[in-house]
Amino acid sequence: MKLRHVIALVFVLTISKTYAQQSWTTPPLQWEQNYGGTANDRANDVIPTSDGGFIAVGNSMSDDVDLTNNCGLNDVWVVKTDGNGQVQWQRNYGGDDEDFGLSIAQTFDGGYIIGATTFSNNNNVSGNNGFSDFWVLKIDSVGVIEWSKVYGGSLLESLFQVKQLRDSSYVAVGSTDSNDGDVSGNHGESDYWVVRLNLAGDTIWTQCYGGLKTDVCRDISQLVNGNFVLAGYSNSNDGDLTSNNGGYDYWVLRIDHNFKNIIWQYNYGGSYDDRAYSLTLNSALGYLVIGSSYSNDINVSGHSGSVGPTGNADVWALKLTNLGIIDWENSLGGLADDFAFDAVQLADSSYTIAGYTSSLLANTSPNNGLTDYWLINVNRFGNRQWGMVYGGSKADFCFAIDTLSSFTYIIGGGSFSNDSVVGGNYGGSDYWLLRLDSAKNTTALPDVSADGNQLTIYPNPLRTQSTISIKTNHTDKQLLNIYNNIGQIIKSIDVTGVTSLDIHRNNFQAGVYHYTLGYENKILTRGKFVVE
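So, how was this worked out
Residues numbered from 1 in each chain as written. Predicted model: local features only at pLDDT ≥ 70, side-chain atom pairs only at ≥ 80, totals over all residues. Heavy atoms only, no water. Helix = DSSP H or I, 4+ residues; strand = E, 2+ residues; numbered from the N terminus. Buried < 20%, exposed > 50% of the residue type's maximum accessible area, 1.4 Å probe, protein only. Contact = heavy atoms within 4.5 Å. Phe/Tyr/Trp six-rings, centres within 6.5 Å; stacked < 30°, edge-to-face > 60°. Salt bridge = Lys/Arg side-chain N within 4 Å of Asp/Glu carboxyl O. Pairing = 2+ DSSP bridges. Axes fitted to C-alpha atoms, helices over the stretch in contact; angles between N-to-C directions. Patch = residues over 30% accessible without salt bridge, like charges linked within 9 Å, V, L, I, M, F, W, Y side chains within 5 Å. Areas by Shrake-Rupley, 256 points an atom, 1.4 Å probe, with all protein chains shown as cover. Polar contact = N/O pair within 3.5 Å; in protein donor to acceptor, adjacent residues only side chain to side chain. pLDDT = per-residue confidence, 0-100.

Some points on the overall build of the protein chain
A tally of helices and strands in the protein chain yields zero helices and 36 strands. For the protein chain, with 532 residues in total, the buried portion stands at 58%. Taking the intrachain contacts of the protein chain between residues at least 6 apart in sequence as the baseline, contacts between residues at least 24 apart amount to 55%.

Printed below as a string of structure tokens:
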């Protein structure tokens, strides 16, 4: 494989003594790379890894070029690269039927947890309960399977997200049509299904949420207090739901730490189909829910083009407070179909949303072909700041985005193109990964005040216990956010009025951590500490 580097633009940023003033520009492409064979291959998730590289999971029907030993039909395919997109290792997993890799996360031990949907019952897959099941694989740092287990009933189960929780257990979410086997309490046609697993992949418990019709869970996030938020879509109007606006609505639930009690649940949308695909926690303890909408009434406004079953889809971004109240909403798109499947929040509280577009007009950038990768950045109030498309003359579908600690982007999906910015297609669709530099100076956050605000950690490195001392001139609610080495917030602490607090070694893994102290969208000070 030939890595195609793109010459990056150089941005000059002037920083004043007390504030970093920054302008918005689209992020330049650092490199792009195809991976695959002569059949169809598609990446469904991609994340940065702790060694500075990336790992992608999806599905592949190929048995040549980058792949060998296809197990049959679609296999789960994992590709691990370095920071420049060069393959370090790749492995496929599956049986002789259809297997789809949907989600991957790096685990605390340096390995990976993979969430998949399987129709198989041989080779790497055993114990299928009937039709399709949740399939979760734990692999080590080079892709060797440590354990592989299926969960489900006699009908259809579809897994969309798996994550490792703070207590090291795992949670997998998706939908189930069953009410037997591992599934109990199904309310109707299809329910949200949550499966909690221990470190060995054994089931701790499972839980269904929904009504008499179709309810599909697409994402889950754990809150600082141990509660969870689920997001997906539903056309039910009974059971755990109390209303429906028409067709499918976004359906968001907040549940307690043991998944037994619904703290609140709301549906959001208009008269037609609105489907949520991703949930992003934000630094203000609220949530951004993104997906697609065919509506332009009730909760939805600003739709471009026509609505309803024969209309076109817009990206619909919905910002909620921590109580599920609508903070803002925005429809983004052109006169054809536009979809979003993933989003990240940046340190300045803006969001970058990833999906694909087939539009030529309105607020998308010019389209290169049938469908293009599409990135849209909105500020913390939901106002669009920039948009960018990437693709060739054929169909290109983006499904995943993540950021590094330097706030560069990695985005991934599938591409049928072999021209324009896309090069080296092997046949059919390929995994297509792009790395983009930040459009902003990533070492200086916006609105940073240096006037009398100070945070110190002593001793640093942290070996057993260290004390954080805080000095600030502000009385607003203040949050101390601690980030791991791939830029994820692992702790968010309300330190309003606090002058000192202790942190303990047993709450952290060894490594380098970054922190910010701030309020609203202002960062008062930042720094890093080492845990040994």
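Overview of the packing of aromatic side chains
Tallying each qualifying case throughout the model produces 25 aromatic pairs. Measuring from centroid to centroid gives 6.1 Å for W147 and Y170, while their planes differ by 65°, and the two rings are edge-to-face. Here W147, found in strand β10 (residues 145-151), pairs with Y170, found in strand β12 (residues 170-176); they are 23 residues apart in sequence, far enough to count as distant. Like Y170, W147 is buried.

Quick look at the pattern of salt bridges
For the coordinates displayed, the defined rule picks out eight salt bridges. For D109, the salt bridge identified is with K138, shortest N-O distance 3.2 Å. Of the two residues, D109 is situated in the loop between β7 (99-106) and β8 (112-118) and K138 in strand β9 (residues 133-139); the sequence distance between them amounts to 29 residues. In this structure D109 comes out as exposed when scored by relative accessible area, which is 54%. Between E146 and K138 there is a salt bridge, and its shortest N-O distance comes to 2.7 Å. For K138, a relative accessible area of 3% puts it in the buried group. Ionic contacts of the salt-bridge type, sharing partners, join the residues D109, K138 and E146 into one network.

Remarks on the pairing of strand β19 (residues 274-281)
The element β19 is largely enclosed, with a buried count of six among its eight residues. Sheet analysis places β19 next to strand β20 (residues 287-293), joined by seven bridges and oriented antiparallel. Considered in β20, the bridge of D274 is made with S293.

Focus on the sheet that holds strand β16 (residues 228-234)
Judged by pairing direction, the sheet is antiparallel, and its four strands sit side by side in the order β15-β16-β17-β18 without closing on themselves. The sheet terminates laterally at β15 (215-222) and β18 (262-268), the two strands that pair on one side only. When strand polarity is set aside, the average angle formed by the axes of neighbouring strands in this sheet is 20°. Bridge analysis of β16 against strand β17 (residues 249-255) gives seven bridges, and the strand direction is antiparallel.

Points about a nonpolar patch on the surface
A cluster of nonpolar side chains, namely Y266, L323 and I325, defines an oily patch on the protein surface of about 280 Å² accessible area. Secondary-structure assignment places Y266 in strand β18. By relative accessible area, which is 34% here, Y266 ends up partly exposed.

A look at the sheet that holds strand β25 (residues 372-378)
The antiparallel open sheet is built from four strands, whose spatial order is β23-β24-β25-β26. For this open sheet the edge positions go to β23 (338-345) and β26 (384-390), each flanked by a neighbour on one side alone. Averaged over neighbouring strand pairs, the angle between their axes works out to 20° when direction is ignored. As judged from the seven bridges shared by β23 and strand β24 (residues 351-357), these two strands associate in the antiparallel manner. Residue pairing for β24: A340 is matched across the bridge by G355.

Digging into the side chain of S234
Structurally, the position occupied by S234 is in strand β16. Polar side-chain contacts of S234 include one of 2.4 Å to the side chain of D215. A polar contact is formed between the side chain of S234 and the backbone nitrogen of S236, at a distance of 3.0 Å. Residues within four places of S234 in sequence aside, it is in contact with T214, D215, L241, N244, G247, Y248, D249 and W251.

Quick notes on the side chain of D396
Examined against the element boundaries, D396 turns out to sit in strand β27 (residues 396-403). Only 2.9 Å separates the side chain of D396 from the backbone nitrogen of G392, close enough to count as a polar contact. Separated by 3.0 Å, the side chains of D396 and S417 make a polar contact. If sequence neighbours within four positions are ignored, D396 has contacts with Y356, T371, D372, Y373, G391, G414, S415, F416, S417, V422 and W432.

Here we look at the pairing of β10
As defined by bridge partners, β9 adjoins β10 across six bridges and the pair is classed as antiparallel. Residue pairing in the sheet places K138 in a bridge with W147 of β10. Turn length for the β9-β10 hairpin, with the two strands adjacent in sequence and antiparallel, is five residues, and the turn residue G143 shows positive phi of about 95°.

As for the confidence of the model for the protein chain
Confidence along the protein chain averages 87 in pLDDT terms, with 89% of residues attaining 70 or more. The low-confidence segment residues 1-24, where pLDDT is below 50, has 63 contacts with residues more than four positions distant or belonging to other chains. Per-residue pLDDT stays below 50 along residues 439-451; that stretch engages in 48 contacts with residues further than four places along the chain or on separate chains.

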